[in-house]
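Coordinates in review
Okay, here's what each chain looks like letter by letter:
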Amino acid sequence: MASIDNKGRIHGKAGSVIYRMYRGKNIMQGKPRKFEQTEGSIRASTEFGLSSSAAAAIRRAFEPAYIHRDGEAVSRTTQQVYRSLRNSLSGSIGQRDLHDANLQDLLGMDFNGASPLAEVLQISHSVFRNAEGNLEVSLGRFKPKEDVKKAAGYPDSASRYRIRLMVVALDFRQEYLEYLDIKDLDVHKTAVMEAQTITLNAKADPGCIVMLSMSLLMYDQVPHTCEYVLLNTKGFSPCAIIGAFPAEQAAPMAAKPFRLSKEAYPDRHEKIQEMGYDGNRLLKEFQNKYKPDQGLTTPSTQRQQTGCTLGKKLSFNKLTK
């Protein structure tokens, strides 16, 4: 029932209309109605929810690399994961996850849109996965005074730069991740780092997707103590995914979640974390409600994934000065 206060403003419900106050104005709106969701809409919402949960797991995994993400990172990374799922190489909607996705769509995923890595760090690089399963990253010659774009938010007092490469293995079906390797390359602002190739450990369990990030960290030296202070901020902290490689043998969709045990993994215990991923629950709920639709597949199902096999060279974001 609607009522009028002593200032002549209407509050409450009157039939199908709701009256309320907003910023000093009397607003009236229609009463929300309940809509029956179709199987198609539930499929779409399940896949988007799965994408959101997978993107959150990736953001958490790479926090040590990007340090600060921008305010739009959540929606941007979710959309990028969702696109990779829509371009899935196998599986149908409601029966697929990131292990079925086209991982090439994740390359260039920026964790800080205010300072995109490809625009800020203007050096060439390529990623190669060798026969042993490790990653070889070839970096071009780096001269900070010329190769770092000083955009908005750039810390002018930076006197030392660090290029950080980090490798993480992620198993979304068993819901765990493992930090495999991290390498830091330090360069003074007036120095030059010659072109070189860095080898990183990327030997993961066969059920894991392997991802590689590259980030740029900036430091300034405190005069009295000679300590270096990190200058990265929410407005300037470049980091992006530059490599993504599929699992050699993904676990089945019905696999049980991984349970961390120090006794079972004495040498790897500190590097392994439970993922906090909700996608498997969403898929299970959907499959319990609807029978699998074997005929519903994406046009890209028949495509072959390229650029992620052992021994094949990949080049991304190759920029010239």
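Structure first, text after, so check above.
Every chain's residues receive numbers from 1 upward, in the order its sequence appears when written. A pLDDT threshold of at least 70 governs which residues receive local features in this predicted model, and a stricter bar of 80 or more applies before side-chain atom pairs are shown or counted, although totals over entire chains, interfaces and linings include all residues. Excluded from the side-chain calculations are hydrogens and water; all other atoms, namely the structure's heavy atoms, are used.

Helical segments are the DSSP runs of H or I of at least four residues, strand segments are the runs of E of at least two, and each set is numbered from the N terminus. From N to C terminus, the protein includes 6 helices and 14 strands. In this description, contact between two residues means that some pair of their heavy atoms is separated by no more than 4.5 Å. Put simply, 72% of the contacts in the protein that link residues at least 6 apart link residues at least 24 apart. Areas reported as accessible are Shrake-Rupley estimates using a 1.4 Å probe. Residue values count occlusion only from the protein chains shown. Split by element, the accessible area of the protein, about 16,800 Å² in all, is 50% carbon and sulfur.

Attention shifts here to the pairing of strand 5 (residues 125–129). Each residue gets one of three labels from its accessible area relative to the maximum for its type: buried under 20%, exposed over 50%, partly exposed in between, using a 1.4 Å probe on protein chains only. With 4 of 5 residues buried, strand 5 lies mostly within the body of the structure. Relative to strand 6 (residues 135–139), strand 5 runs antiparallel, the two being bridged by 5 bridges. The residue of strand 6 that forms the bridge with Arg129 is Leu135. Hairpin connection of strand 5 to strand 6: 5 residues between the antiparallel strands, including Gly133 at a positive phi of 95°. Whether two strands pair comes down to DSSP finding at least two bridges between them.

Where burial is concerned, the two faces of strand 6 differ: the one with Leu135, Val137 and Leu139 is buried and the one with Glu136 and Ser138 is not. As judged from the 5 bridges shared by strand 6 and strand 9 (residues 196–200), these two strands associate in the antiparallel manner. Bridge assignment links Leu135 to a residue of strand 9, and that residue is Leu200.

Turning our attention to helix 3 (residues 73–86). How far a helix is expected to stretch is found by multiplying one less than its residue total by 1.5 Å. A rise of 1.5 Å per residue sets the reference length of helix 3, with its 14 residues, at 20 Å; its end C-alpha atoms lie 20 Å apart and thus fit the reference within 8%. Buried within helix 3 are the following residues: Ala73, Thr77, Thr78, Gln80, Val81, Tyr82, Ser84 and Leu85.

On to the environment of Val192. In this fold, Val192 is placed in the loop between strand 8 (176–188) and strand 9. Between the C-alpha atom of Val192 and that of Glu146, which follows or precedes it by 46 residues, the distance is 10.0 Å.

A few words now on the pattern of salt bridges. Two side chains carrying opposite charge are able to pair once their charged atoms lie near each other. In what follows, salt bridge is the name for a side-chain nitrogen of Lys or Arg lying within 4 Å of a carboxyl oxygen of Asp or Glu. In this structure the tally under the stated criterion is 15 salt bridges. For Arg86, the salt bridge identified is with Glu47, shortest N-O distance 3.6 Å. Here the residue Arg86 occupies a position in helix 3, and Glu47 occupies one in helix 1 (residues 39–61), the gap between them amounting to 39 residues. On the basis of relative accessible area, Glu47 is assigned to the buried category, the value being 3%. Glu146 is the salt-bridge partner of Lys143, the closest N and O atoms lying 3.4 Å from each other. Because the salt bridges share partners, they merge into one network encompassing Arg162, Arg164, Asp184 and Asp186.

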